[in-house]
Amino acid sequence: MMKRLVPTFSRILVQRVIQPAKTESGILLPEKASKLNSGKVIAVGPGSRDKDGKLIPVSVKEGDTVLLPEYGGTEVKLGEKEYHLFRDEDVLGTLHED
């Protein structure tokens, strides 16, 4: 049975990106060199409301690659995969390919 998690309010569901432990030529990288806390946004909530009741949308969208804080978020396991729930304001930024 497949489970699907839809975040509430301004939360986002992220799957962390695992950085490779070695280069294409086979050189092993130290753990610190490959430590970039990034993840792919899997699902987003509808957003939060301000004091007047207006909807404030989430600043990221599904498919974005985001920079995450080293600590924080709530770990969620769906089937065999691990995800993390973060609040929109906890995301440090989005990563883009140049």
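Above: the structure in question.
A brief look at the structure comes next. As the structure is a computational prediction, the values presented were derived from the model and not from experiment.

To continue, consider the overall build of the protein chain. Looking only at helices and strands, the protein chain has 0 helices and 8 strands in total. Going residue by residue from the N terminus, the α and β elements of the protein chain occur as β-β-β-β-β-β-β-β. Out of the 98 residues in the protein chain, the part that is buried amounts to 26%. Put simply, 61% of the contacts in the protein chain that link residues at least 6 apart link residues at least 24 apart.

Take the sheet that holds strand 7 (residues 81–87) next. Adjacent strands of a sheet form backbone hydrogen bonds with each other and so pair up, either parallel or antiparallel. Read from one edge of the open sheet, 6 strands run 6-7-1-2-5-8, paired in antiparallel fashion. Since the sheet does not close on itself, it has two edges, and those belong to strand 6 (74–78) and strand 8 (93–95), each with one partner. Taking the axes of each pair of neighbouring strands and ignoring which way they run, one obtains an average angle of 45 degrees across the sheet. Sheet analysis places strand 6 next to strand 7, joined by 5 bridges and oriented antiparallel. Bridging across to strand 7, Thr74 finds its partner in Leu85.

Where strand 1 (residues 11–16) lies against strand 7, 4 bridges are found, and the strand directions are antiparallel. By the bridge assignment, Ile12 is partnered in strand 7 with Phe86. Between strand 6 and strand 7, which pair antiparallel and follow one another directly, the connecting turn spans 2 residues, one of which, Gly79, has a positive phi of 65 degrees.

This next bit is on the nonpolar core. Core analysis: the biggest nonpolar cluster contains 9 residues, these being Ile12, Val14, Val41, Val58, Val60, Val66, Leu68, Phe86 and Val91. Every residue in contact with Val14, bar those within four places of it in the chain, is listed here: Gly39, Lys40, Ile42, Val66, Leu68, Tyr83, His84 and Phe86.

One pass over the structure, following the stated rule, counts 1 salt bridge. Linking Asp64 and Lys61 is a salt bridge whose minimum nitrogen-to-oxygen distance equals 3.3 Å. Relative accessible area serves as the criterion here: at 55%, Lys61 is assigned to the exposed category.

What counts, and at which threshold
- Residues numbered from 1 in each chain as written.
- Predicted model: local features only at pLDDT ≥ 70, side-chain atom pairs only at ≥ 80, totals over all residues.
- Heavy atoms only, no water.
- Helix = DSSP H or I, 4+ residues; strand = E, 2+ residues; numbered from the N terminus.
- Buried < 20%, exposed > 50% of the residue type's maximum accessible area, 1.4 Å probe, protein only.
- Contact = heavy atoms within 4.5 Å.
- Pairing = 2+ DSSP bridges.
- Axes fitted to C-alpha atoms, helices over the stretch in contact; angles between N-to-C directions.
- Core = buried A, V, L, I, M, F, W, Y, C linked by side-chain atoms within 4.5 Å.
- Salt bridge = Lys/Arg side-chain N within 4 Å of Asp/Glu carboxyl O.

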